[in-house]
Amino acid sequence: MPTASQNALFGMGNPLLDICAVVDKDFLDKYGLKTNDQILAEEKHKEMFEEIVKKFKVEYHAGGATQNSVKVAQWMIQEPHKVATFFGCIGKDKFGKILKEKAEEAHVEAHYYEQTEEPTGTCAACITGDNRSLVANLAAANCYKKEKHLDLEENWKLVEKAQVYYIAGFFLTVSLESILKVAKHASENNKIFCLNLSAPFICEFFKEALMKVMPYVDILFGNETEAATFAQERGFETEDIEEIAKKAQSLPKENKKRQRIVVFTQGKEGTVMTKGDKVETFPVLKIDQSEIVDTTGAGDAFVGGFLSQLVQDKTFEQCIRAGHYAANVIIRHAGCTFPEKPDFH
């Protein structure tokens, strides 16, 4: 029996069309890209988007971190459709149309704020070996406005219907006030608010915004690199990931009814999760190097798997298992794509 109800999971973030291509080291060097990084596009990257399409074989996928995660959660749940709701801003253009179609195919209830000033955002996923370097050109995604979308009665009703909220840290660069409105609603109503550190640059350059949201965070996600940067920026004075998780857990929290849970993934190493006053490590599923197509979306997929069980009131151990399963499936496919049905028990 499915226990997830429609609109139970709410996500808000940057809807981006992923432009995925296998590139060479010269291409990375030319644009000063690191092999496993996520950055926002600057002036010097503008030509890159045209060059990647001209020079390499590209695939287009509906992307953006939060949207990927809610899509994977919906895929794991299967029925009913529209358990996941997603808000974000797109342009009225070809790429925006593709994003709408893809959301519909994924059975996600996407309510986009559509505007004409900026084109739909894109993200170049430059793949080398089993690494991926992401360069996001937010464009329209950057134009999300609380008062023009989130505050509208019919949209806010959807927010109120949810039990679990997930926002990737990337959205801190777009609309802190939107995140805070949702986070406070979750906290005041004892619902679950989840946030992802998302990228080292978020922990570094948007730490003030991050720390404004932190008191409302019930579940904090991140990977080992983000955890290390976060610890450095907070002056935790430790490089031990379990210690970092404990310290992040004990940061001030508004809703005292729930203890914060911190979940840090480490690629092929085990996933670390705080549990009461303990920290546990859960091994990931084994995969042969030759079966990895690309790791784009693996972290998003992990969160999606996790959320799919969380929204059905499963144990945190079960959430982690589902996260590992989803990530394992995604890395066998190009971009954040998956087969028709999951095979998860």
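Residues numbered from 1 in each chain as written. Predicted model: local features only at pLDDT ≥ 70, side-chain atom pairs only at ≥ 80, totals over all residues. Heavy atoms only, no water.

The name an unreviewed UniProt entry assigns to the protein chain is Adenosine kinase, from the organism Cyprinus carpio carpio. Quoted verbatim from the Subunit (unreviewed entry) field of the UniProt record, the comment on the protein chain reads "Monomer." The UniProt entry for the protein chain carries the following comment under Function (unreviewed entry): "ATP dependent phosphorylation of adenosine and other related nucleoside analogs to monophosphate derivatives." (UniProt positions renumbered as here; feature names shortened; annotations may be inferred.)

### Remarks on the UniProt feature "active site" (unreviewed entry) in the protein chain
With numbering matched to this structure, UniProt assigns "active site" (unreviewed entry) to D300. Looking at D300, the relative accessible area reads 17%, which means it is buried. Contact partners of D300, with chain neighbours within four places excluded, come to A65, N68 and S69. (Buried < 20%, exposed > 50% of the residue type's maximum accessible area, 1.4 Å probe, protein only. Contact = heavy atoms within 4.5 Å.)

### A word on the packing of aromatic side chains
Taken as a whole and assessed by the stated rule, the structure comprises 19 aromatic pairs. Across from the ring centre of W156, 4.2 Å away, lies the NZ or CZ of K181, which sits over that ring. (Phe/Tyr/Trp six-rings, centres within 6.5 Å; stacked < 30°, edge-to-face > 60°. Lys NZ or Arg CZ within 6 Å of the ring centre and 35° of its normal.)

### Some remarks on the pattern of salt bridges
Taken as a whole and assessed by the stated rule, the structure comprises 15 salt bridges. The salt bridge partner of K157 is E153, with a shortest N-O separation of 3.3 Å. Of this pair, K157 and E153 both sit in helix 6 (residues 153-161), four residues apart, roughly one helical turn. For K157, a relative accessible area of 47% corresponds to the partly exposed category. Taking the shortest distance from any N to any O, the salt bridge between K253 and D218 comes out at 2.7 Å. With K253 in the loop between helix 11 (241-249) and strand 12 (261-266) and D218 in the loop between helix 9 (207-213) and strand 11 (219-223), the pair connects residues that are 35 residues apart, well separated along the chain. Side by side, K253 and D218 carry an identical accessibility label, which is buried. Look at the salt bridges and you will find they share partners, linking K30, E51 and K55 into a network. (Salt bridge = Lys/Arg side-chain N within 4 Å of Asp/Glu carboxyl O. Helix = DSSP H or I, 4+ residues; strand = E, 2+ residues; numbered from the N terminus.)

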